[in-house]
Structures are given as C-alpha cells and as structure tokens.
Amino acid sequence: MASKSRFVVGSHVWVEDPDEAWMDGLVEEIKGDELVINCTSGKKVTANVSSTYPKDTESPRGGVEDMTRLAYLHEPGVLQNLKSRYSLNEIYTYTGNILIAVNPFQRLPHLYNNHMMGIYKGAEFGELSPHPFAIADRSYRLMINDRISQAILVSGESGAGKTESTKMLMQYLAFMGGKAQAEGRSVQQQILESNPVLEAFGNAKTVRNNNSSRFGKFVEIQFDQYGKISGAAIRTYLLERSRVCQVSDPERNYHCFYMLCAAPPEDCKKYKLGEAKSFHYLNQSNCIALDGMDDSKEYMETRRAMGIVGISSDEQDAIFRVVAAILHLGNVEFAEGSEADSSVPKDEKSQFHLKTAAELFMCDEKGLEESLCKRVMATRGESITKNLDPRAAALSRDALSRIVYSRLFDWLVTKINSSIGQDPDSKILIGVLDIYGFESFLTNRCLTVFEQFCINLTNEKLQQHFNQHVFKMEQEEYTKEEIDWSYIKFVDNQEILDLIEKKPGGIIALLDETCMLRNSTHETFAEKLYQKFKDNPHFSKPKFSRSDFTIHHYAGNVTYQTDLFLDKNIDYAVNEHQVLLNASKCAFVSSLFPPCEESTKATKFTSIGTSFKQQLQSLLETLSATEPHYIRCVKPNNVLKPAIFENSNVLQQLRCGGVLEAIRISCLGYPTRRTFCEFVNRFGIIQPKVLGKSHNEITATKMLLEKANLTGYQIGKTKVFLRAGQMAELDALRTEVLGHSAKKIQSKVRSFLARKKYIQLQLCATQLQAVCRGTIARRCYENLRREAASLKLQTFYRMHHDRKNYVDLCSASTTIQSGLRGMGARITLRFKRQTKAAVIIQSHCRCHLAHSRYVRMIKATITFQCAWRARLARRELRNLRMAAKETGALQAAKSKLEKEVEELTWRLQLEKRIRSDLEEAKTQEIKKLQLQLQETQLQLKDTKELLKKEQEVAKAASEKAALVPEIQTNTALVTDLTAENERLKTLVASFEAKLQETEQKFEDTEKVREELLNKATDAESKINELKSTMQSLQEKLTSTEAENHVLRQQAMKPRPDNMPLLNMHRKSNLANGSLHADDQTPHATPMEFGRRSLIERHSESVDALINCVVENVGFSEGKPVAAITIYKCLLHWRIFETDKTNVFDRLIQIFGSAMQKQENNAELAYWLSNSSSLLIILQKSLKPPGSSVTTPLKRTQTQTSFIGRMVFRASNITVDMDLVRQVEAKYPALLFKQQLTAFVEGLYGMIRDNVKKEISSVLSLVIQVTPSITDPQAPRNAKAGLMVDQGSYWKTIVNHLNDLLKILQENCVPTIFARKIFTQIFSFINAQLLNSLLVRRECCSFSNGEYVKQGLEELEAWCTQAKPEYAGSAWDELKHISQAVGFLVIFKKFRISCDEIITDLCPVLSVQQIYKICTQYWDDKYNTESVSEEVLDEMRKLMNVGSEKGTSDNTFLLDEEISMPLSLEEIASSMDAKEFQNVIPPQELLDNAAFQFLKS
C-alpha cells in the first residue's frame, strides 16, 4: 500500500487507462486518498493513491539499457522504458541478466554480422549494448571458466521472435566454438542448417505469426575441453499433430506441404501433385501463399539443408513421398456402402487419390482401403471385423495422417541427432531452449485447446524455475552487500502445479483415468474436475458452461474447453495401419512403423499428457543441472508491422513472460538500490551540508535518510537499499526543497534583470546621441570628398580621351609601314629559296644515279642473305606464335589504344585544318577591315582639312564683314555653309561609330581565335598523354610477355636436383667457357681444374657476403648498406643471368629468419628497409628475357653459362660504373624478386600489427568509461580526476607513434612505407573509437566527446610535428571520429536541423551512424537535450527510403583495412636510382681481396 506522502501537488505520476494501459500526468489536487491528475493526453482523471505510481522525470529520453537502474521499478516504468527504446530501434533491454527482446518486424542485418560478433567476443557483460550475443558470450565464458554447463531459455508468444533469437544464439556459439570444416560438413554447420529442416516440418502460419514453431525445441550443444563444439542433440516437445488434418482460417498447415506443391515440375509429376488449393488438408483455409515467402525457393533451400545435416537424396525422396501421400490421403472422401454402416471411396477422384497414396506408401491399395473403412475388434477367442460409416472412415483417415506425420517428424529429429553425433566424452554443454510462450485467447479454439493446456503447464514449470533463479539473484545481491534479508518471503506457483500434475488427484491424472474408462465423455471428465477441485482457489467453473473449467495461472485466468481433451490425450496407432505400413515395400515407410512386440490385435493406451509431463520433468532436471540465462521475446503489436508499440499487448506479454513476476519478487525486498555516490548526488540538496568534504558517502547517506524520516531501508557495502515507495517520498521531499529554492532564485533574478534593464536604457540613450552626431559629421565630410573626386575624374577622363586618339593614329601608321617592309622582304626571300632549290635538285639527281649503281651491285648479296635468314626466322616464328597466343588480349588492348590514338590524331589534324582555315578567313577579314579603316581615316582626314579650310574662310569673311559693315551679307551662302558643316559633322560621327564597330569586331574575332587555339592545345596535350600511356602499356605488355614466357619455360623444363654445376649448359660452345659432353674425359683437364678452383673461390665469396650482411651493417648516406652491397655483388657476379644458383635461397633464408622476430619492431624495420630498397633496385634493374635492354654492355662477346662468365670476368674487361642498370634476368632472379615482394609485405604487416596491438590496449582504456563517468550527476571533481588519469592514455598513444617514427627513421625505411603504416594505424584508431561510440551508450556523452576531442588534437599536433613526409594523409583517416566528437560537443543540439547535421556537420558519417549517435547521446555536464524528435523522424525516413531502394544496408560499424595498399610500381617509383650511388660498402668486405670491385 502506497503512502499518501509520496505525492504532492505538481508530482509526475502514472495512472491506469483502459486504452493505453498507463498514462502519465501531473497531480493538480489531493483529496485524501484521491488524486486529481491532468494527463498529457488532455484527460483529467481522479485516481486512488494505491493505484498510482510515481514517474521519474530525470530518466533519459532513450530509456536505460538495464531496467534495474530505473529509479522506480514498476509496471509503467518498465513499459515506458521499453517503448522509449523501441522508438529508437533499440530492441534489446536488460533486466539484471535477463534480456528482453522486442520484435522489430524488419531486417536489421547490421546487428548480427560477423563484425558485431567480434565486438561482443570477450566483452564484459553489461559493458556493451544489450544483445543476444552478450547472453551467449556470457554463458560461453562461464562454461569455459567454471566448467559448468549453461542453458539459455528463450520464451515468448507466437510471433515474438523466439526462433530468430535462437538462430542468433546458435550462430554466435558456432562462431565461438566452431571448428574447421572436415569431410564436407562441420558440426556447427549441421546445427545451424538443422533449423530450416525443422522449421519446414514443424512451423506454420498462425493468426499471430507467419512462421510460428508448433513444437518445443531444446538444443544441447556439447563442447570439448578446448571450448570447441564436439557434438549436439535436439529434443522436441509436443508437436501439434491436429494441424495436419484441421486448419482454421486464416492460418496455414505446415510449410513442407506448400513447399512440395511449389516444387519443380519434375518433382510434382513424380509425386502426382497439383496446386496447393486442390488438397483438402490445405484448402480449409483461404491463406495459401505468404507475402515475402517463395515456397519453391524454400523447397530447394530445405533440400540443401537436409543434405548438409546428413539426409541422403534417397531418404529425401522418401520423406517427400510420405508428405505427398498424406496430401493425397486427405483428398479421399467416403460414401455409404452397400452394407449397413459401411463406407467406400466416394467417386473416381477419391479412388485415384487412394491409389496414388498407396503407390507412394508402396503398400497394397486394397489393404489401405480396408484399413480405412473397416476395423478389427479383438475379443478373447476371435477377431471381429466391423464396418465403419463414412464419418468414422474419415476420422480413421485423419488418424492415419496424423500418426504418419508424427512418426516422420520424430524420424527427422532422430536422423539429425545421429548425423550430428554426440560426444560421450563431453563434460560441458550449452542448451538453447526455444519454447512456446504462455497462451491465452479470448475465444479458445477447440482444435488446439489441449495443446494450449500443455503449453501453459510448461510455462508454469518454467516460471517456477525462473522465479527461483530471480530470488537466488536477489539473495546473491543482498549477501554481497551484507544486508539482512531473512524476513523476505518467497511465494511461488507450486499450488497451481499441484493442481495440474499432482499424482494422484491432479487434472492430468483424472484425464488419464477418464480415458481408460469405456463410454467416458468430456462431460464425465468435467464433472470429475468440478467435484475434485470445487474448493481449490486456483480452479473455477464458468457460470454459463457445462464442461469448461478455468485455471488461475500466474499470468492470468484461462478457460479451457474439454470437448477434445479425451481424444487428444489418447495416443495409439490403429493395428491395421501399423500392419499395413510395416509391410510396405519402401524401407523408409516400413522403418516408421516397426512391428509391435505385443499382439497385433491389441492396442495399448498411452497418455499424451503423461508423456509430456515426463518429458517436461526431464527437461527441468537438465535445466536444474545448468546455469540458466533468460531471453524474453515480446511482440509489440498484432499487425506484425514495424514502429507500432501497443501498450496493453506488451504489458500482457510481460505478465505472461514472468517479467512482472520478477519485478514483484524484487519489490518484496528492496526494489530501489543506488550507490552511495548516486544517492548523495541526487538527494544531497535535501541537506546541503552533507555535500562537504567532512562527511564520507556512507555518513552522508545515513544523514539524508534520517532527514527524510524513513525506516526499513538497509545500508550495504556499496549501495543503499530502499523499500517500495521510499524513493517516491524522497523525490517528493526533494521537489519541495527545489520549489523553495526556485522561488528565492526567481526573486533575485527578477531584481537583477530590472536593474540591468535600467542601466542598459541609460547606456543606450548616451550611445544614440553620440551616433547621431557622428552621422551628421560624416555626411558633411562625404559631400566634400565627392566634389573633389568629381573634379579629378573629369581631368583624368579628358587626358585619357586625348591620349587614346593619339595612340590610335600612331598604331595605324606603324601597321602600314610594317606591312610594306614585310612585302619587300618576302619577295627577296622567295628568290633566294628558288635559287637554293635548283642547286639541291641537281645534287640529289647526281647522287641518285650513283646510288642506283651501288644498289644493283649489292642486291644479289642481300637476296642470298635474306633467304638464309628467312629460314632461321621461320623456325623462330613457330616458337613466337605460341607466345603470341597468350598475349592476344594485351595485343587487342594495344590495338584498341592505337585506334584511339589514330582517331585523336585525325581529330587533331582536323582541328588544325579548321584552325588554319579560320585564321586565313580571319586574316582576310582583318585586311578588309584595315583597308576600310584606312579609307575611313583618309576620308576623315580630308573632311577635317576641308572643315578647317571652310572655318578659315568663314573667319576671314566675318572679319571682312566687320570692316565693311555697309556691305550686305550673302545669307544664302551662309546657310549653305552651315548645312554643309552639319552634314560633315554627321559624316564624321558616322565614321567614328563605324570605326568603333570595326574595332569591336576585331576584338571578338581575336577572342574566338584564342579560344580555338586553346582547344587545339588541350587536344594536342591529351593526345600526347595517350601516346605516353600507350607506350608505357606497351612496355609493360612486352615485359610481362617475356617474364611469363621465361617462367613458363622454366616451370616446364625438367631440372633434376643432382645436376652438376658444370653440366648446366652442355650445349654452349667453347667460346662461352663450357665443354661438350663428348669432349669430357675421366681425367680432369687443366681447364676443368681452373674452373673448379674458380667455383671454390666464388663459394667463399658468397659465404663472406652472407656472413657480413646477416649482421646489422648499418646505413650510409641514409640508405641500407646491406641491400646495396648484395645488389652490387650479385650484379658483379652476374647471378641475375644464371639459370641455376643457390645464392638466392641463402638470401631468402636471411629474410625468413628476420621475420621470426615478430615482436621486435627495430629488427623488423631494419630488414624492411633492406628488403624494400633491394626490391626497388631490382624492379628498376631486372628485365625478363626478350625485352629491350637500354644500357649497353661494354663487351663484344655473350657469355651464357655461369662458369663462362666467371672465366670471362677473370680477364681485364672493363665494367660499367653505373650502379643500377638493366639486366636480362633468368628464372631464379625473377623468382627471387617475387619472394622478396612477399617478404616486404610480411614485414610491413608485422610492424603495423605490432603497433596496432600496442595501441588497441590503450584505446580500450581511452574509451572505457568508469562508473563515475557513466552517472550523469557524478561529482565534477571526480570527473576531472578521471580526465587527468585518462589524459595519460593519449600521451601513451602519442609515445607509441613517436617510438615507431623514431624506429623507422633510424632504420631509413622508405617514406612511402612510413606514410602507409601511419595511415592504416590512424584508420584503425578511427574505426575503434567510432565503433566504441556506436555500441556503447555511456560513451556518447558530452564530457567524453570533449575528452576524445582533446586527444584528437594531440594526434593532429603529432601529424604536424611528424611532417607530411612521414605522416602523409594520416590525419584525414580520423575524419569519422572527428566529426562524431565534434557533434557531441555542440551546444543546443535541439536547434540543429537534419540537413545541417548530414550536409554540414557530419557529411562523412552515414545516416545510420548519425542516428545511432543522436539516440545514444546524453549530456553529463550541462544536462542539455539531444536533437529534436522531428530530426530523428527525418533520419528514420531517410533510412527507410535507403532500405527500400537498396542503397542502404543498415550497417553503421566501420571496417579496417588489413592489406598493404601499395603496388610494386608505386614502391619502385618512390625513389630514384641515383640515391644509391654514394653508399659505402662494409669495411669487412672492402678488406677482402675478392671484393675489390666494391671500391669502384
């Protein structure tokens, strides 16, 4: 009973509502025990204090991941938390170590991929977001560490997602304990693939679910001592056999029937099947096909899964033959026969289906008909055959179908178990129980009421087991905190279990007793129940029913109809059916019905209820021997659509799932528990003096509880435990204190605001006066400036106009002069060219005559030589044709590029031709315009001169007129002159306009010419680029062809290992220093002795080189000495041109031994520097045979054998002094280069992975949040101390980077490797940090964002300090986490729109990642809100649109790159060969006489 003092006016409460289950509201008035509540929905209700619960207004908007952390653990609090999380697509929630899974009714593949399993692998329980993988991982870890078997119980009503959750659990267990595949099928693969098989034959569509399991399943996965899956077993319970023959609308029969009807045509023809709606067992319901389910595809998938679990193709055919026979058997109808109460097949159609069923069963058709239409009654002395009427025959037909299908399903389970195999040596296992949930229908279906009774019995037993587990957890918590809990009483449901299964006297015992009595009916059974349990408080009889009864289960009252209880409890096979199918010619059908041990004419009664009770007891014994884990599946709505949360429906499922029962058990003790720090932070305001440093947390907690006058609480070691209702009383007291404080703050703030407003007004008036005076002064000054500026503008404009006219005249005169002079020079040049051409023609003619005579003389000689060379060329051509076939694809690409180049060349020529035509036209136009301009200028000049003359005449006339006033003026002449003057002015104006127009045309033409010229230049540059690209491709093609040819020939050539070195080149001539086989004698010649001594000296030189470079010989001029020395020696000894040598193998052994030191980055970096430098030189130097070698060799003879080259080297032949030169390499050298490339990749990966390993341990500490940080109201000083402690982690990361940079620099590793290593390391940091933010809600806080941002700033500073030469683009790899933490530390996120977040703030992040961060964000520093609900709705719409279009896979986690992102060409082009010139070899070798060539 709640205390009235829990609520005050203004308290937020939950009140019951018939439609929404619970509504939240505000208390407006208190009338004794009645509260007047104004609900948020607009209603105003009056409720009793006892039926009202307090609401936590400080709970996060997205709910809490573990509901034990709720301030108020009651029905509305649990329901609201699940609803809040479901609205954010968070479908999993913990209640302690119990997982509640709400079915999203949509695919969320990002939650169940291998990457997500890797994240949960080894993580502490509760550290990451709730997930079935966390439950599976916890059970696996407990099994491995404690060597105790585990069990995971998955329950829920039909459609809640039990089957999918079970699949996820088994998938994770296979991921953790899976072995490598052996002999085609692994144990874990068979376990996973057994699901589709059992679903096909045991699942069906119901009213509530399209894929409802109509049986219970317990999978035992056995593990060996190493934690690997070694065996498995599947146990099933209570298959719903009645569904085979009777299906209610709109449900479906078992999936396998519809799959078989949708099978390929050849299978349908073999089984004589048609459409599914043509069979009686399937067309009783109008639902034939399911949306989103392809029965034909499911049929093939089922057969594939059956093959994986060990069912052979013959057995599969037999299984589907039996399924088809059941369908045909259902279409057999009966009519009255000729005898009384007899029956026969109704018509030809029924006879056809009966015949087909007999053929499929491979039994006698007549015998099958008699077994359906007749029954043999066994008496003491004889057997009596009794005819069955049509109704009884139909019941016999259905009984046969049910028993056949039941036996078939049991055979499948047995076959799967035998195929998977069990490990007798296994001591530990993990069991996964997929069991049907508690069922309660408003109107029970008579067809399944007995099955519902058994299902509810199962849930009663499991609920008792669950209650004991919950009470045990409570005990462990109280014992851990060392508090007194002895007075807490545990009430379970044992009385209900005794009512059902107690023997004797239970419902099942009475049912068995009634079934064994002849002529008993369901009414007889009901009367026995009424008499036996009339005084039982958990049993009642409905008022308006004669045979129904009601049991008061833990989840509610359920009324059962007894109509079919007797029929469904009896389990026996008709003797005629048993004998008939046992005699089947099909071994599979015969094995389903083994011969009975007893008399064939007797039938022994077996109770299904008792059998089920025994199975259930065996299951509970197995569960009692294991450590249990629970997953409660919840269906949020009955329409099976996403984003719909029905409160009443979910609340009923929470009751049926026992979640509310667990809460009731928790409320019997101390439902509210808080750590001392949390409690003081929340309620310290009640007595502020406890917040001082003089009181520790325990003392402060006790003082606060005494202040609140509470009793019955308990003080533990780390937590305070409160009884039910005490949290509300504390909150009411806290609200009252906050109210008084708010009033004081408001009064102070109002006075402060009034004074602030007055001071602002006074300041504004003074500032306004100053602004007005300044504005007037500025306007006067501006007017003065405008007047001065206008005078200057006029002056400069007039000056510019006059100068422009002068410049135009000068330009015109200069142009005319240059044209005349150029014409004269061209005439002179043309004459000189003609004279020179005549002389040249004469000299060439005389040369041609002399050359013709010479050609005729050598023609005969060339013809003879060509014939001989052609013969040799044809022989070579045959060999080249074979190689040409393999390079056909590359030649085609080359031809294509050549065509493109030709086309572009043609286009360029066309462009040039068009350009030349345009230039000619432009030149002609310019000349024409220039001529017009000259004529215009001449006319203008003449006009000006004429005007000047007329003005002089007019002036003289006016002077004369002034001297002789008496002479009369000729007015007509003056008028004419005036008109002529106006005409000339007009003409001048028109000429000036034409001149300007001509100049404008000239400028436009010049612009067009420049544009065309630019286009032509661009086209020409593109052609040059294509030519260079084609040339490089052609070179690569030639090199690849030659290298492939050499490698292919070498691989095809037989090379015995015992071939002596002297016999490698028996076909070489004597000039090359080798002997023919025929010339060899048993006695060693002086030449052979010289060669043998030369080999020994060479071997000693190789040993000296190997012994030298195996040690760290350091660096010279910033380059590795060992690599340069190795190359110089190999080049000097011509090892690259040798067909067989062991020098390369010895060098490879050196690099291989270096890779064994995987943990020493310094050693790895040293050999990475040497191997990469040597690889760069070899890439630039080695050329396959047949390719062009650009560097000439300074010798006239070609030595092919190794001994011949060594002998030739002994003579004083000069050597090319260039370090890197192209050499025609043989097979061993090319193979050595490939092996060296692999070593470079391996060394690179080891260094990168070592640094990742060092950083990953620190990253887990960087992003790991301690309890003081996870609490939104943790003390500021505690957080600051944590920041200081964790700040050292970022310094550790920077130190690791500095150490790596120092190692790379000291070992002179090429900078291209350094840049790529740091780039991949930063990409790893980016992925780890972002994934941690996305999967851990406590990390998405404001303070954590500030902390990570500070760390990223340190990394950015390191990148700047390391310089781009080594850091490269490493900082760009952190763009995901940079934008994420940048969003976390933004104030007032609720004001930001969705477009601003996606396009401006976080353009790199996907919508899924942004949505995840927004829903998980919580401000632990300023207590601000996340983005608005409208923004979240827009993001959800974007994700839904992306899912519909297929552009979004709902994946939000980042993957890291693990390969070496470098090609051989990039490595080779990163350094110049000239950089290796000045490297000084080791002094040890320089002192050796055999290595004097290194000094050159």
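What you see is a predicted model; the values in this text were computed from it and never measured. (Residues numbered from 1 in each chain as written. Predicted model: local features only at pLDDT ≥ 70, side-chain atom pairs only at ≥ 80, totals over all residues. Heavy atoms only, no water.)

Points about the overall build of the chain
Along the backbone of the chain there are 45 helices and 28 strands. Relative to its 1496 residues, the chain shows a buried fraction of 45%. Taking the contacts inside the chain whose residues are at least 6 apart along the sequence as the reference set, 73% of them involve residues at least 24 apart. (Helix = DSSP H or I, 4+ residues; strand = E, 2+ residues; numbered from the N terminus. Buried < 20%, exposed > 50% of the residue type's maximum accessible area, 1.4 Å probe, protein only. Contact = heavy atoms within 4.5 Å.)

A word on the confidence of the model for the chain
Looking at the chain as a whole, the pLDDT averages 79, with 84% of positions reaching at least 70. The low-confidence segment residues 963-969, where pLDDT is below 50, has 1 contact with residues more than four positions distant or belonging to other chains. Note that pLDDT drops below 50 for residues 1053-1092; the model gives that stretch 44 contacts with residues more than four away or on any other chain. (pLDDT = per-residue confidence, 0-100.)

Here we look at the pattern of salt bridges
Counted under the stated rule, the structure contains 32 salt bridges. With its nearest N and O atoms 3.6 Å apart, the salt bridge here joins Glu 240 to Arg 243. Owing to a relative accessible area of 4%, Glu 240 belongs among the buried residues under this scheme. In this structure Arg 243 comes out as buried when scored by relative accessible area, which is 2%. Bridged by salt links that share partners, the residues Arg 214, Glu 240, Arg 243 and Glu 251 form one connected network. (Salt bridge = Lys/Arg side-chain N within 4 Å of Asp/Glu carboxyl O.)

Section: the packing of aromatic side chains
Scanning all chains against the criterion turns up 38 aromatic pairs. Ring geometry for Phe 453 and Tyr 560: centres 5.4 Å apart, planes at 90 degrees, overall edge-to-face. Taken as a pair, Phe 453 in helix H14 (residues 449-481) and Tyr 560 in strand S20 (residues 556-561) lie far apart in primary sequence, 107 residues in all. With respect to class, Phe 453 is no different from Tyr 560; both count as buried. (Phe/Tyr/Trp six-rings, centres within 6.5 Å; stacked < 30°, edge-to-face > 60°.)

Overview of the packing of helix H32 (residues 1161-1181) against helix H34 (residues 1227-1263)
The interhelical angle for the contact between H32 and H34, taken along N-to-C directions, is 150 degrees, at an axis separation of 9 Å. Every pair of crossing elements has a handedness; the one defined by H32 and H34 is left-handed. Residues Asn 1161, Leu 1164, Ala 1165, Trp 1167, Leu 1168, Ser 1171, Ser 1172, Leu 1174, Leu 1175, Leu 1178 and Gln 1179 of H32 touch H34, and the partners they reach there are Phe 1232, Lys 1233, Leu 1236, Thr 1237, Val 1240, Leu 1243, Tyr 1244, Met 1246, Ile 1247, Asn 1250, Val 1251 and Glu 1254. Looking at the contact of H32 with H34 residue by residue, the classes come out as 15 nonpolar, 6 polar and 2 charged. (Axes fitted to C-alpha atoms, helices over the stretch in contact; angles between N-to-C directions. Left-handed = near helix turned anticlockwise from the far one by under 90°. Nonpolar A, V, L, I, M, F, W, Y, C, P; charged D, E, K, R; others polar.)

Some points on the sheet that holds strand S7 (residues 98-102)
The sheet built from 7 strands is open, its strands ordered S6-S7-S21-S8-S17-S11-S12 with mixed pairing. Pairing within the sheet leaves two strands with one partner each, and these edge strands are strand S6 (92-95) and strand S12 (229-237). Going across the sheet, the axis of each strand differs from the next one's by a mean of 20 degrees, ignoring polarity. Direction of pairing for strand S8 (residues 150-156) relative to strand S17 (residues 428-436): parallel, over a ladder of 7 bridges. Residue pairing across strands places Ile 152 opposite Val 432, the latter belonging to S17. (Pairing = 2+ DSSP bridges.)

Regarding the sheet that holds strand S2 (residues 21-31)
An order of S4-S3-S2-S1-S5 is seen for the 5 strands of this open sheet, with the pairing classed as antiparallel. Only two strands of the sheet have a single partner each, and these edge strands are strand S4 (44-48) and strand S5 (52-54). The sheet shows a mean angle of 45 degrees between the axes of neighbouring strands, taken without regard to direction. As judged from the 6 bridges shared by S2 and strand S3 (residues 34-39), these two strands associate in the antiparallel manner. By the bridge assignment for S3, Val 27 is matched with Ile 37. The strands touched by helix H1 (residues 75-87) within the sheet are strand S1 (12-17), S2 and S5, with S2 carrying the most contacts at an inclination of about 130 degrees.

Notes on a positive patch on the surface
Positive charge collects at one region of the surface, where Arg 871, Arg 874, Arg 875, Arg 878 and Arg 881 lie side by side. Within the secondary structure, Arg 881 is located in helix H26 (residues 726-886). We classify Arg 881 as exposed; its relative accessible area is 53%. (Patch = residues over 30% accessible without salt bridge, like charges linked within 9 Å, V, L, I, M, F, W, Y side chains within 5 Å. Areas by Shrake-Rupley, 256 points an atom, 1.4 Å probe, with all protein chains shown as cover. Lys, Arg positive; Asp, Glu negative; His and termini not counted. Charge placed at Lys NZ, Arg CZ, Asp CG, Glu CD.)

So, the nonpolar core
Core analysis: the biggest nonpolar cluster contains 257 residues, and Phe 201, Phe 257, Phe 1136, Ile 1293, Leu 1355 and Trp 1358 have the highest contact counts within it. For this core, the leading source of residues is H34, giving 16 residues. The contact partners of Leu 1355, leaving out residues within four places of it in the chain, are Trp 1290, Ile 1293, Val 1294, Leu 1297, Phe 1322, Ile 1325, Trp 1371 and Leu 1374. Phe 438, Cys 454, Phe 539 and Ala 662 belong to the second largest nonpolar core, which has 51 residues in total. (Core = buried A, V, L, I, M, F, W, Y, C linked by side-chain atoms within 4.5 Å.)

Here's the deal with the pairing of S7
Look at any regular strand and the pattern is simple: side chains alternate between the two faces of the sheet. Among the 5 residues of S7, 5 are classified as buried, and the element is accordingly described as predominantly covered. The two faces of S7 match: Ile 98, Ile 100 and Val 102 on one face and Leu 99 and Ala 101 on the other face are all buried. Of the pairings in the sheet, the one linking S6 to S7 comprises 4 bridges and is antiparallel in character. Residue pairing in the sheet places Tyr 94 in a bridge with Leu 99 of S7.

Examining helix H13 (residues 390-420)
Given a rise of 1.5 Å per residue, 31 residues ought to cover 45 Å, and the 45 Å separating the end C-alpha atoms of H13 matches this to within 8%. Within two residues after H13, Gly 421 carries a phi angle of roughly 85 degrees, on the positive side. (Expected span 1.5 Å × (residues − 1).)

Side note on a negative patch on the surface
A surface patch of negative charge is lined by Asp 1395, Glu 1396, Asp 1400, Glu 1430 and Glu 1434. Secondary structure elements with two or more residues in the negative patch: helix H41 (1394-1401) and helix H43 (1429-1445). Counting residues per element, the negative patch draws most heavily on H41, at 3 residues. In this fold, Asp 1400 is placed in helix H41. You can call Asp 1400 exposed: its relative accessible area is 55%.

Thoughts on unusual backbone geometry
Between Asp 249 and Pro 250 the backbone carries a cis peptide bond, its omega angle lying at 5 degrees. Despite not being glycine, Lys 272 has its phi angle at roughly 55 degrees, a positive value. Mapped onto the elements of the fold, Lys 272 is located in the loop between helix H7 (265-271) and helix H8 (280-283). Its identity is not glycine, yet Asn 709 carries a phi of approximately 60 degrees, on the positive side. Along the chain, the position of Asn 709 falls in the loop between helix H25 (697-707) and strand S23 (714-715).

Notes on the side chain of Asp 66
Its location among the elements puts Asp 66 in the loop between S5 and H1. It is Arg 69 that comes nearest to the buried, bridge-free Asp 66 among opposite-charge side chains, at 6.3 Å. Here Thr 68 takes part through its side chain, which lies 2.9 Å from a polar atom of the side chain of Asp 66. If near-sequence neighbours (up to four positions away) are discounted, Asp 66 is found in contact with Tyr 94, Thr 95 and Gly 96. (Polar contact = N/O pair within 3.5 Å; in protein donor to acceptor, adjacent residues only side chain to side chain.)

Concerning the packing of helix H12 (residues 365-373) against helix H19 (residues 575-582)
Packing of H12 against H19 leaves a shortest axis separation of 9 Å and a crossing angle of 165 degrees. Compared by their axis directions, H12 and H19 come out roughly antiparallel. In this structure, H12 crosses over H19, and the sense of that crossing is left-handed. Between H12 and H19, the contacting residues are Gly 367, Leu 368, Ser 371 and Leu 372 on the first element and Glu 576, His 577 and Leu 580 on the second. Across the contact of H12 with H19, the residue classes tally to 3 nonpolar, 3 polar and 1 charged. (Parallel < 35°, antiparallel > 145°, perpendicular 65-115°, else oblique.)

Structural notes on helix H10 (residues 313-330)
Between its terminal C-alpha atoms H10 stretches 26 Å, which fits the 26 Å expected from 18 residues at 1.5 Å a residue. Most of H10 is tucked away, with 15 of its 18 residues classed as buried.

Structural notes on the environment of Gly 310
Tracing the backbone shows Gly 310 in the loop between helix H9 (295-308) and H10. For Gly 310, a relative accessible area of 21% translates into the label partly exposed. Taking the C-alpha atoms as reference, Gly 310 lies 7.2 Å from Ile 416; in sequence the two are 106 residues apart.

Focus: a nonpolar patch on the surface
A cluster of nonpolar side chains, namely Ile 745, Val 749, Phe 752 and Leu 753, defines an oily patch on the protein surface of about 390 Å² accessible area. On the secondary structure map, Ile 745 appears in helix H26.

Some remarks on the pairing of S1
In terms of strand pairing, S1 meets S2 through 6 bridges, oriented antiparallel. Within S2, the position partnered with Val 15 by the bridge is Met 23. Hairpin connection of S1 to S2: 3 residues between the antiparallel strands. As judged from the 3 bridges shared by S1 and S5, these two strands associate in the antiparallel manner. From the neighbouring strand, Val 13 faces S5, where its bridge partner is Pro 54.

Let's talk about the environment of Leu 1374
Counting through the fold element by element, Leu 1374 comes out in the loop between helix H39 (1364-1367) and helix H40 (1375-1384). Given the relative accessible area of 0%, Leu 1374 is considered buried. For the pair Leu 1374 and Asn 1326, spaced 48 residues apart in sequence, the C-alpha separation works out to 5.1 Å.

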